[in-house]
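Below are the chains, spelled out letter by letter.
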Amino acid sequence: MNAREHLLGVLGVLLAAVLWGTTGTAATLAPEVSAVAIGAVAMGLGGLLQALVAAPRIRKVWPRLRTRWPWLLSGAVAVAIYPLAFYGSMRLAGVTIGTVVSIGSAPLLSALIESRFDGLTLGMRWKIGAALGLVGMGLLCLAETGPHAGVGSTTQVFQGVTMGLVAGLTYAFYSWSARRLMQGGIPTRAAMGATFGLGGLMLMPVLLLTGAPLMGSINNAAVGLYMALVPMFLGYLGFGYGLARVPASTATTITLFEPVVAALLAVVIVGERLPPLGWAGIVLVIACLMCLSAPMRWPRVRRNKATSTAG
C-alpha cells in the first residue's frame, strides 16, 4: 500500500473521530428532547442506514449469519442499549465527563470480556493502563463534584458516571460480538451492518414512544437528523474506509481524538468549565487509551478453551 492510500486512511479515521466528538454538543442544542430520544434517533436511524448500505453483503451471507444468531442478537441488544446510556451519561454528568468515561472505560471492559470469554491473560501493560484510566476517571468525578462544578449535583454526576460505564460496557460487548461474527467468516461490513441494523430496529419502538419532541421544532428535527446522518452514518463510513487502509491499532489510536474534540466543544460552545484537576483526569484517560491501544500480544491460557469458543 502506497503512502497516499495510508494518508487517506488516516484522514478517514480522523474525520470519524471528529464527527463522533460533536455528538454531545449537538445533543445539548435540543434540550427539550430527552437523552433516550436522542440516542434512539442517532443510533436507530444511523444503524438502519448502515444496514441499508450493507444490504447486498448481508443478503449474500445471511445463511451463515443465521447460524451465528447468538452473537448477532446479543450484539444488537448492546447496540440498542449503548446510545441510551451514552447520551444519558452526558445529560446527567456533562458532555466532557460523559464522553471521557464512556470512551475511557470501553477498552478496559473490552479486555475483561476477552479475558473471560476468550481466555486471554491480562498483562502488566493492561494493568498499568487500567490504573491510569481509573485514576483519570476518579479525578474527573472529583473535578465535576467540587465546589466550582457547573454540571449538577453530586448525585447526578455519579449517576452519569454509572451510565457512562454502562455505555462503555455495551460498546465493548457489541464490538466483541461483531468480531466473533467476523472470526466466523462474516465479512466486516456485513457483520457491522447486520448488528447495527438489528440494533436500530430495536430502537424504533423507543423512538416512537419518546421522539415526539423531535418534531416539535425545526431545531430539534435538525439535531436529530444531524445525529443520525453525520456522526453515526458518515462517521462510521469514514472509519470503515480508514480501517481498510491502516492497521487496526493505528485506527484505534487516532480515534482517541474524539474525547479531545468533545471536551473542547463542551468548553467553547456549551460553556462547561473544567478545573485543572479535570484536565489532568482527561490526560490520564487518554494515556490509558494509548497504552491499551498499542499493539500487544496477550498469551493465551487454556488454548483448547479459546479454540472451542471461537465462533
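A quick note: this is a predicted structure, and the numbers were derived from the prediction, not measured. (Residues numbered from 1 in each chain as written. Predicted model: local features only at pLDDT ≥ 70, side-chain atom pairs only at ≥ 80, totals over all residues. Heavy atoms only, no water.)

Participant: What exactly am I supposed to notice about the overall build of the protein chain here?
Facilitator: Helix and strand counts for the protein chain come out as 14 helices and zero strands. Reading the protein chain from its N terminus to its C terminus gives the helix and strand order α-α-α-α-α-α-α-α-α-α-α-α-α-α. Counting every atom, the protein chain has about 14100 Å² of accessible surface; 71% of that belongs to carbon and sulfur. (Helix = DSSP H or I, 4+ residues; strand = E, 2+ residues; numbered from the N terminus. Areas by Shrake-Rupley, 256 points an atom, 1.4 Å probe, with all protein chains shown as cover.)

Participant: I keep staring at the nonpolar core and nothing clicks. Help me out?
Facilitator: Across soluble globular proteins, nonpolar side chains have a tendency to be buried as a group. Core analysis: the biggest nonpolar cluster contains 34 residues, and I38, M43, Y87, Y174 and M227 have the highest contact counts within it. Of all elements in the fold, only α1 (3–21), α2 (23–28), α3 (35–53), α5 (69–93), α8 (154–183), α9 (188–210), α10 (218–243) and α12 (257–270) reach the threshold of two or more residues within this core. Among the elements that make up this core, the one with the highest residue count is α5 (eight residues). Among the nonpolar cores identified, the runner-up in size contains 21 residues, and A93, V101, A111 and L256 belong to it. (Core = buried A, V, L, I, M, F, W, Y, C linked by side-chain atoms within 4.5 Å. Buried < 20%, exposed > 50% of the residue type's maximum accessible area, 1.4 Å probe, protein only.)

Participant: Is there a simple way to explain the packing of helix α6 (residues 95–118) against α12 in this structure?
Facilitator: Helix-helix packing is characterised by the crossing angle of the two axes and by the distance between the axes. At a minimum axis separation of 8 Å, α6 and α12 run at an interaxial angle of 170°. Between α6 and α12, the angle is such that the two are roughly antiparallel. Seen from α6, the contacting residues are V95, T96, T99, V100 and I103; seen from α12, they are E258, P259, A262, A263 and A266. When grouped by side-chain class, the residues that make up the contact of α6 with α12 number seven nonpolar, two polar and one charged. (Axes fitted to C-alpha atoms, helices over the stretch in contact; angles between N-to-C directions. Parallel < 35°, antiparallel > 145°, perpendicular 65-115°, else oblique. Contact = heavy atoms within 4.5 Å. Nonpolar A, V, L, I, M, F, W, Y, C, P; charged D, E, K, R; others polar.)

Participant: Please explain the packing of α6 against α8 as it appears in this structure.
Facilitator: Between α6 and α8, whose axes approach to 7 Å, the crossing angle comes to 45°. The pairing of α6 with α8 is recorded here as oblique in orientation. Crossing angle aside, the handedness with which α6 passes α8 is right-handed. (Left-handed = near helix turned anticlockwise from the far one by under 90°.)

Participant: In this structure, what is going on with the environment of W126? I would like to understand it.
Facilitator: By the element assignment, W126 lies in helix α7 (residues 124–144). Classification of W126 by relative accessible area gives buried; the value is 11%. When the C-alpha atoms of W126 and A111 are compared, they prove to be 8.2 Å apart, with 15 residues separating the residues in sequence.

Participant: What should I look at first to understand a nonpolar patch on the surface in this one?
Facilitator: A surface patch of nonpolar side chains, amounting to about 390 Å² of accessible area, comprises L7, L11, L14, V18 and F257. Note that L14 resides in helix α1. Its relative accessible area of 31% is what places L14 among the partly exposed residues. (Patch = residues over 30% accessible without salt bridge, like charges linked within 9 Å, V, L, I, M, F, W, Y side chains within 5 Å. Salt bridge = Lys/Arg side-chain N within 4 Å of Asp/Glu carboxyl O.)

Participant: Looking at this model, I keep getting lost on the environment of M215. Mind explaining?
Facilitator: Structurally, the position occupied by M215 is in the loop between α9 and α10. Here the alpha-carbon distance between M215 and V33, two residues 182 residues apart in the chain, equals 9.7 Å.

Participant: So what exactly am I meant to see when it comes to the packing of aromatic side chains here?
Facilitator: Two numbers describe a pair of aromatic rings. These are the distance of the centres and the angle of the planes. What the rule picks out here adds up to 11 aromatic pairs. Here Y82 and Y171 contribute two aromatic rings whose centre-to-centre distance is 5.7 Å and whose plane-to-plane angle is 40°, an arrangement assigned as tilted. A residue pair is termed long-range when its members are at least 10 positions apart, and Y82 in helix α5 and Y171 in helix α8 qualify at 89 residues. Note on Y82 and Y174: the rings are 5.9 Å apart at their centroids and 80° apart in plane angle, and the pair reads as edge-to-face. Here the residue Y82 occupies a position in helix α5, and Y174 occupies one in helix α8, the gap between them amounting to 92 residues. For the pair Y82 and Y174, one class covers both residues: buried. Cluster of aromatic residues (ring-pair linked, three or more members): W20, Y82, F86, Y87, Y171, Y174, F196, Y236 and F239. Over the ring of W71 we find R180, and its NZ or CZ is 4.5 Å from the ring centre. (Phe/Tyr/Trp six-rings, centres within 6.5 Å; stacked < 30°, edge-to-face > 60°. Lys NZ or Arg CZ within 6 Å of the ring centre and 35° of its normal.)

Participant: What exactly am I supposed to notice about α9 here?
Facilitator: For α9, built from 23 residues, the straight-helix expectation of 33 Å at 1.5 Å per residue is met to within 8% by its first-to-last C-alpha distance of 32 Å. L203 marks where α9 bends most, by close to 30°; the proline P205 follows one to four residues later. Buried within α9 we find A190, A191, G193, A194, T195, F196, G197, G199, G200, L203 and L207. (Expected span 1.5 Å × (residues − 1). Bend = angle between axes of the 7 residues up to and from the residue.)

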